[in-house]
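What follows is each chain in one-letter form.
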Amino acid sequence: LKLIGNASPQPSCAAEYLSREFSMADVEVQQRFSAATLRRNWHFTSVVFGINHGCATTPLIFATTLLDKDVGYTGSALLYVFTCLGSLFVSVPFVSSLGQRWGLFFGMAVYCLYVASFAAAAAVPKGSWEQWAFFLPGSCAGGIAASVLWTAQGSYIDRHATALVASSAPRHVQGVGGELDRQQATASLASTFAVYYLLLEVVCKLGASIALRYQVQTWLIFTVSLVLASTAAAASLWVRTLGPTADAASAAANPTLELGSRKPQVCGKLLKATALWSDPSLWLLSLTNLTFGFAAAFMNGYVNAAYTKPQLGAEWVGFYATATALTGAVASHFFGMAARHFGSKGPFILVGSLCFLAIPALVLFVGLDDWQYWLVVPYVLQGCGRAVYESTSKGVFADFFPGDKAEGAFANSMMQTTLAFAFCFFFSSVLPREALAAIVFALAGLTFPAYLQARRLRQRQQSSEKEGSGNSEEFSEEESTATADFDSEDTVELGNMPR
């Protein structure tokens, strides 16, 4: 046995690297798809997502102006409530069971129902029971769609990043070049997605605003939006599947598993999002989501109404909202390039938090009265902060919660942002301007320190895991040495006697 053990070849660097960093499913993806193919697939995914989401969310900014105000507010409230509930109890089981590709398709297809309900509600008289009957169920469906869609998108980023790193692993190990670590992969994917997503949002919202200005029928505008959203949903079926789902892998590994024994797995999926609540990193990283949610609601609910509309007119609200999305698209591209260059996302979390911090600071300490066209400044700041939220922050979540934790982490991310929107809209009716601005100011000021603390905690966890694995290896070596000594002594005592 000693001779066989000494003669056994040691694993090569490439094999050790792959076995340590990637699952067999990742190696299979590496063999099936090249890095160029994976990047083309991600560009395609980002485009169809951006078209569908841009067409589906455009009705949200017009809900209280084109529909009856009570219908619009109630529908928007239901949208946020069902997004939150769906993020906790629907999205994770769905995506875990059927995979990211079908999660993307389902979310986009149900989003089309929301657009259809808005188009139908806009075609009937304001305040009629038909508006309530059309728009409220559609808003509930839209909330479920958003929860599934964003959970699938976040999980797909994680899967894509793993596949990209796996596709470059052999060249990296052999020293030929082309190496790609996970930080660079998530930064690249998140920034690419954010650019397409925000640019297509600009096109959709600007197109709808121009059409309304030229008095095109509302139902016609959103019927065209429905056709475009449906086309994008159908196109999502051509998105590539990157490996089997967790359920498929489990079923393949346990083909004789009884149905009754799988019931705990279903319960586990339902609680997959809440299972991460005990991880302090989840709540430390939530500050970016909460800050964005409160800042966006503060801009939409207060700055628009108190400053932009009285000083410039209602049409400038839409144009400045477009400026926010356009700034976010451009900033996402440059932030992504810089994050890949520096290999760190921390500095851009700081930049985003300072941009969010500047908005309530201008309101509280400077004042925006008589700014006129200079009111574009807070919208540009909001765009820079949104670029960090849409790209860098999602990359950070993918880095902190890879693999089977991705679905639950991104479901929690969506829940945090939705709750921030809902609470800020509620507080807008009961709290004064100074209190709302102070909440945004405090959240923005805590964002970067909380991110640094999350990094420290994760580094401590990784150090503890390495120490634990080191102790295990040391114990194994001692055990093997002791066994060898015992064999030697046994041989001396017994000599040539048969055992």
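Whatever comes next refers back to the structure up there.
Description of the structure in this document. (Residues numbered from 1 in each chain as written. Predicted model: local features only at pLDDT ≥ 70, side-chain atom pairs only at ≥ 80, totals over all residues. Heavy atoms only, no water.)

The next thing to look at is the overall build of the chain. Tallying secondary structure elements over the chain gives 18 helices and zero strands in all. Considering the chain as a whole, with its 499 residues, one finds that 48% of them fall into the buried category. Looking at the chain alone, contacts between residues at least 24 apart form 86% of all its contacts between residues at least 6 apart. Within the structure as shown, the chain displays about 23,600 Å² of accessible surface, and the carbon and sulfur contribution to it stands at 65%. (Helix = DSSP H or I, 4+ residues; strand = E, 2+ residues; numbered from the N terminus. Buried < 20%, exposed > 50% of the residue type's maximum accessible area, 1.4 Å probe, protein only. Contact = heavy atoms within 4.5 Å. Areas by Shrake-Rupley, 256 points an atom, 1.4 Å probe, with all protein chains shown as cover.)

We now examine the pattern of salt bridges. Scanning all chains against the criterion turns up six salt bridges. Put simply, Lys205 and Glu201 hold a salt bridge, and the shortest N to O gap is 2.8 Å. Of the two residues, Lys205 and Glu201 both sit in helix α9 (residues 182–213), four residues apart, roughly one turn of that helix. Each of the two residues, Lys205 as well as Glu201, counts as buried. In this structure, the salt-bridge partner of Asp399 is Lys345, at a minimum N-O distance of 2.6 Å. Here Lys345 lies in the loop between α14 (314–342) and α15 (346–366) and Asp399 lies in helix α16 (residues 376–400), a separation of 54 residues in the sequence. Neither Asp399 nor Lys345 differs from the other in exposure class; each is buried. Among the charged side chains, a network of salt bridges with common partners joins Glu201, Lys205, Arg386, Glu390 and Lys394. (Salt bridge = Lys/Arg side-chain N within 4 Å of Asp/Glu carboxyl O.)

Turning our attention to the side chain of Asn289. Note that Asn289 resides in helix α13 (residues 280–312). In this structure Asn289 comes out as buried when scored by relative accessible area, which is 0%.

Attention now moves to the packing of helix α6 (residues 91–98) against helix α7 (residues 100–122). Between α6 and α7, the least distance of the axes is 6 Å, while the angle of their chain directions is 130°. Taken together, the axes of α6 and α7 are oblique relative to one another. For the pair α6 and α7, the contacting residues are Phe94, Val95 and Leu98 in the first and Gln100, Trp102, Gly103 and Phe106 in the second. Considering only residue class, the contact of α6 with α7 consists of five nonpolar, two polar and no charged. (Axes fitted to C-alpha atoms, helices over the stretch in contact; angles between N-to-C directions. Parallel < 35°, antiparallel > 145°, perpendicular 65-115°, else oblique. Nonpolar A, V, L, I, M, F, W, Y, C, P; charged D, E, K, R; others polar.)

On to the state of the cysteines, then. Scanning the entire structure with this criterion turns up zero disulfides. The thiol of Cys55 is unpaired, and the distance to the nearest cysteine sulfur, on Cys204, comes to 3.9 Å. Note on Cys55: relative accessible area 3%, which makes it buried. (Disulfide = S-S within 2.5 Å.)

Describing an aromatic ring pair means giving the distance of the ring centres and the angle of the ring planes. Evaluation of the coordinates by the stated rule reveals 23 aromatic pairs. Where Phe118 meets Phe135, the ring centres are 5.8 Å apart and the plane angle is 70°; that geometry is what we call edge-to-face. Taken as a pair, Phe118 in helix α7 and Phe135 in helix α8 (residues 129–174) lie far apart in primary sequence, 17 residues in all. For Phe118, a relative accessible area of 0% puts it in the buried group. Relative accessible area serves as the criterion here: at 0%, Phe135 is assigned to the buried category. Sitting over the ring of Tyr389, Lys394 keeps its end group 4.2 Å from the ring centre. (Phe/Tyr/Trp six-rings, centres within 6.5 Å; stacked < 30°, edge-to-face > 60°. Lys NZ or Arg CZ within 6 Å of the ring centre and 35° of its normal.)

With that settled, the discussion passes to unusual backbone geometry. One non-glycine residue, Asp370, adopts positive backbone phi at about 60°. Tracing the sequence through the fold places Asp370 in the loop between α15 and α16. Asp370 sits in the exposed class, given a relative accessible area of 68%.

To continue, consider the environment of Phe135. Separated by 60 residues in the primary sequence, Phe135 and Gly75 place their C-alpha atoms 6.5 Å from one another. In this view, Phe135 contacts Ala63, Leu67, Val71, Gly72, Gly75, Ser76, Tyr114, Ser117, Phe118 and Ala121; residues no more than four positions away in its chain are not counted.

This next bit is on the packing of helix α5 (residues 69–89) against α6. Where α5 contacts α6, the axes come no closer than 4 Å and their chain directions differ by 50°. If you check the angle between α5 and α6, you find them oblique. Note on element contacts: α6 touches α5 through Ser91, Val92 and Pro93, opposite Gly86, Ser87 and Phe89. When the residues that make up the contact of α5 with α6 are grouped by side-chain class, the tally is three nonpolar, three polar and no charged.

It is worth spelling out the nonpolar core at this point. The nonpolar side chains of a soluble globular protein tend to be buried with one another. Core analysis: the largest hydrophobic core is formed by 63 residues, its most contacted members being Phe49, Trp150, Leu285, Phe397 and Phe401. In terms of residues, this core owes the most to one element, α8, which gives 13 residues. If sequence neighbours within four positions are ignored, Trp150 has contacts with Phe49, His53, Phe193, Tyr197, Glu390, Lys394, Phe410 and Met414. Among the nonpolar cores identified, the runner-up in size contains 34 residues, and Ala296, Met299, Phe356 and Phe421 belong to it. (Core = buried A, V, L, I, M, F, W, Y, C linked by side-chain atoms within 4.5 Å.)

On to the environment of Trp283, then. Tracing the chain through its elements places Trp283 in helix α13. Trp283 sits in the partly exposed class, given a relative accessible area of 36%. A C-alpha to C-alpha distance of 9.6 Å links Trp283 and Ser413, two positions 130 residues apart in sequence. Sequence-distant contacts of Trp283, defined by excluding residues within four places in its chain, comprise Trp277 and Gln416. A polar atom in the side chain of Trp283 sits 2.8 Å from the backbone oxygen of Trp277. (Polar contact = N/O pair within 3.5 Å; in protein donor to acceptor, adjacent residues only side chain to side chain.)

Moving on, we get to α15. The end-to-end C-alpha distance of α15, which contains 21 residues, comes to 29 Å, matching closely the 30 Å that a straight helix rising 1.5 Å per residue would cover. Along α15, the helix axis deviates most sharply at Pro360, where the bend reaches about 30°. The positive-phi residue at the C-terminal boundary of α15 is Gly367, with phi of around 90°. (Expected span 1.5 Å × (residues − 1). Bend = angle between axes of the 7 residues up to and from the residue.)

Moving on, we come to the side chain of Arg101. Among the secondary structure elements, Arg101 is positioned in helix α7. Of the polar contacts made by the side chain of Arg101, one reaches the backbone oxygen of Leu237; its length is 2.6 Å. Excluding residues that lie within four positions of it along the chain, Arg101 makes contacts with Ser236, Leu237, Val239, Arg240 and Thr241.

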